[in-house]
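# Overview (structure and organization)
These are the residues of each chain, in order.
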Amino acid sequence: MKKTVGFYKRFFLLTSVTLMLVMAGCGQSTQPVGDQSGTQTGTQTSNQTASQENSQPKQGGRLIVGTGADLTKLDLHTSTVLSDRIPLLHVQEMLVTIDENMKVIPMLAKEWKEAQDGKTVTFSLRRGVMFHNGKELKAGDVKYSLERFMKEAPRKGEFSMVQSIETPDDYTVVFHLNGSSNVFIGSLVNPFNPAVIIPIGLADDQGGKITNPIGTGPFQFVKWEQGKQLVLKRFDGYKAAEGTASGFGGEKKAYVDEVVFKTISDPTVRMTALETGEIDLALDVLPKDVKYLEGKNNLVVAKKPSLSWGMLQFGMKKPPFDNPKIREAVAYAINKQEIVDVATWGLGEVAPSPVFPNTEWFSETHANDYKQDIEKAKMLVKEAGYKGEPIKIATSKAYDHHEKTAMVLQKQLKEIGLNVEVESFEWASFISGPWTTGDYHLLNGHISPRPDPNQIYYSYLHSSSSYNGYKNPEMDRLLDQGISTIDTPKRKEVYNQVQELLHKDLSFMSLYYYPVIEGYQSRVKGYTAWSAGYPRLWNVWLER
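Note that the structure is a prediction, hence the values are computed from the model and not measured. (Residues numbered from 1 in each chain as written. Predicted model: local features only at pLDDT ≥ 70, side-chain atom pairs only at ≥ 80, totals over all residues. Heavy atoms only, no water.)

### Focus on the sheet that holds strand 8 (residues 162-169)
Definition in use: For two strands to count as paired, DSSP must find a minimum of two bridges between them. We count a stretch as a helix when DSSP gives it H or I for four or more residues in a row; a strand needs E for two or more, and each element gets its number in order from the N terminus. What counts as an axis is a line fitted to C-alpha atoms, over the stretch in contact for a helix, and the angles between N-to-C directions run from 0 to 180 degrees.
Spatially, 6-7-9-8 is the arrangement adopted by the four strands of the open sheet, whose pairing is antiparallel. Two strands in the sheet have a free side with no partner beyond their single neighbour: strand 6 (109-114) and strand 8. When strand polarity is set aside, the average angle formed by the axes of neighbouring strands in this sheet is 20°. Bridge analysis of strand 7 (residues 120-125) against strand 9 (residues 172-177) gives five bridges, and the strand direction is antiparallel.

Listed below in structure tokens is the structure:
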């Protein structure tokens with residue numbers, strides 16, 4: 001790798017130190033769990049340590065994963081949904097990616113270099129990488145994929161700096177940029193709405209929307225039975241990148257013959273399926289179930305500090321939240337610690353900002369938060385002229401902490417005189433409905449980690465991409481400045497100003513940081529949880 005972005009190194013050094021400090025506070029009954037790169041970033045109970053010992057990788061078997069949410073689509077270029085990414089990032093890969101600590105590393109590109117003026121970035125592709133359709137990855141596939149992404153993807157605005165893409169030979173791709181930008185690489189590696197590489201012409205051959213995903217990953221797509229399961233099988237022609245497996249990159253090996261992602265939306269049913277051995281791995285284990293599962297000798301519980309954060313969005317397209325006074329009233333009505341205690345059983349943390357603490361982007365500005373003040377909130381409700389009109393909080397049934405957060409919010413907002421109801425949606429309806437249309441009064445959900453603050457803020461706050469009706473020319477100016485600014489301290493100041501303006505305008509509020517909790521059978525070997533919240537089923541085998 002000839003060039004990386006310096007701030008990632010510092011960012012994740014700090015993150016690693018923080019996570020190690022978290023581990024140190026876990027007491028005598030816990031042991032650190034090594035991640036795929038050997039970094040210690042999580043905990044497991046002492047009676048489970050032995051289950052990971054004395055096992056050599058072996059091929060074969062079917063691994064069944066219980067998930068809370070089904071997929072919504074098979075086209076990652078147009079998807080912003082985590083339940084789509086979790087299985088499909090085993091099928092499709094990106095040009096470059098992030099490691100365990102979110103540092104930029106190669107994936108389909110073996111190296112890249114920037115021109116001195118920063119306006120050209122040249123990637124050299126790995127040779128002999130095969131798609132699942134039997135064709136070798138070539139530069140034309142990369143150009144096709146990125147051009148489609150820049151036309152179709154919700155995140156296309158992050159690539160506004162790309163002027164053109166050249167392919168001087170089959171293994172070289174050159175990006176010409178409209179001015180220097182140090183967020184270009186960060187945009188390529190962002191796993192949210194990922195810019196995956198697909199065979200040239202794939203979308204056109206499938207009528208414009210990908211219904212049969214083909215990629216270069218260690219597993220290939222077999223079938224999706226909506227509401228029931230998605231099935232992948234091992235791709236024997238997979239060519240792994242060099243280096244220790246870490247994050248989405250490194251030397252990945254598919255050991256199991258088949259992976260089945262089984263949708264079990266009820267968390268209690270999902271836990272029962274884990275206990276009875278119906279599934280091998282359960283995602284999104286409820287915090288309340290941790291102690292119980294830790295007492296089972298045949299199960300392993302992995303807990304990680306998470307970079308995912310819960311949010312409350314204000315629907316600004318219609319009354320009453322088109323009025324800034326009523327948004328401010330809500331901000332003063334909320335007790336975030338109570339939400340953490342109920343929705344995460346105290347295992348999460350209060351989130352004053354979408355930027356995670358102890359990263360270089362976090363500052364006193366991001367620590368500044370509203371403090372609950374019921375009398376002030378009531379006064380703002382009165383000044384807003386609110387007359388008791390019904391207000392609905394849109395939430396999803398897919399994640400327990402979503403519904404619990406909505407119920408706590410309902411209680412807290414009723415205390416200031418708001419007539420609030422909770423409206424729970426099935427996952428697919430939630431995503432295709434209020435989440436993307438912006439047709440709601442209030443909406444709560446959670447956001448998976450983003451490597452760069454531009455990726456945190458731009459989609460939700462820039463007028464070209466926000467869903468909820470928020471528009472502020474000053475916010476647009478700041479976000480555009482954040483993209484074009486090269487100097488890291490100056491970018492940090494830009495995103496301080498973005499956070500200050502968000503605090504004032506209240507397009508959305510950060511509520512809590514949610515922990516990653518997963519449970520799996522002790523016969524599952526090689527598995528490690530990741531604080532980014534993505535399960536990885538390569539380098540995982542079954543002890544028979």
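Picking up after the structure, the text goes on.
### A closer look at the pattern of salt bridges
Defined as follows: A pair is scored as a salt bridge if a Lys or Arg side-chain nitrogen falls within 4 Å of a carboxyl oxygen belonging to Asp or Glu.
Enumeration over the complete set of coordinates arrives at 27 salt bridges. Between Lys 296 and Glu 275 there is a salt bridge, with its nearest N and O atoms 3.5 Å apart. Here Lys 296 is found in the loop between helix 7 (290-294) and strand 14 (299-304), whereas its partner Glu 275 is found in helix 6 (residues 267-276), with 21 residues between them in sequence. Sharing partners across several salt bridges, the network here consists of Arg 234, Asp 236 and Asp 257.

### Concerning unusual backbone geometry
The condition is simple: When a residue's accessible area, from a 1.4 Å probe over protein chains only, is under 20% of the maximum for its type it is buried; when over 50% it is exposed; and in between it is partly exposed.
The omega torsion across Pro 319 and Pro 320 is 0°, close enough to zero to call that bond cis. Topologically, Pro 320 is positioned in the loop between strand 15 (309-314) and helix 8 (324-333). One non-glycine residue with positive phi stands out, namely Leu 506, at about 55°. By the element assignment, Leu 506 lies in the loop between helix 16 (488-505) and strand 20 (508-513). A residue is classified by how much of its surface remains accessible, and Leu 506, at 3% relative accessible area, is buried. For Asn 539, which is not glycine, the phi dihedral falls at a positive 60°. Secondary-structure assignment places Asn 539 in the loop between strand 22 (524-525) and strand 23 (541-542).

### Quick look at the packing of aromatic side chains
Aromatic rings considered in pairs are described by the distance between their centres and by the relative angle of their planes. Operational definition: Think of it this way: a Phe, Tyr or Trp ring, Trp meaning its six-membered ring, pairs with another when their centres are within 6.5 Å, and the plane angle makes it stacked under 30 degrees, edge-to-face over 60, tilted otherwise. Geometrically, a charge over a ring is one whose NZ (Lys) or CZ (Arg) sits within 6 Å of the ring centre while staying within 35 degrees of the ring normal.
Going through the model one piece at a time under the given rule, you end up with 22 aromatic pairs. Residues Trp 309 and Phe 508 carry aromatic rings whose centres are separated by 5.8 Å and whose planes lie at 35° to one another, so their mutual orientation is tilted. Taken together, the positions of Trp 309 in strand 15 and Phe 508 in strand 20 put the pair 199 residues apart, joining distant regions of the chain. For the pair Trp 309 and Phe 508, one class covers both residues: buried. Feature note: the residues Trp 112, Phe 123, Phe 149, Phe 159, Phe 175 and Phe 184 constitute an aromatic cluster, connected by ring pairs. Over the ring of Trp 538 we find Lys 252, and its NZ or CZ is 4.4 Å from the ring centre.

### Section: the packing of helix 14 (residues 453-461) against helix 16
Spelled out, the test is: The sense of a crossing depends on the near helix, which, turned anticlockwise from the far helix by less than a right angle, makes the crossing left-handed and, turned clockwise, makes it right-handed. Two residues qualify as a contact provided that any one of their heavy atoms is within 4.5 Å of a heavy atom in the partner residue. Asp, Glu, Lys and Arg are counted as charged, while Ala, Val, Leu, Ile, Met, Phe, Trp, Tyr, Cys and Pro are counted as nonpolar; the rest, among them Gly, fall into the polar class.
Packing of helix 14 against helix 16 brings their axes to within 11 Å, and their N-to-C directions diverge by 35°. In this structure, helix 14 meets helix 16 at a crossing whose hand is left-handed. Here Pro 453, Asn 454, Tyr 457 and Leu 461 of helix 14 come into contact with helix 16, specifically with Arg 491, Tyr 495, Val 498, Gln 499 and Leu 502. Classifying every residue of the contact of helix 14 with helix 16 by side-chain character gives six nonpolar, two polar and one charged.

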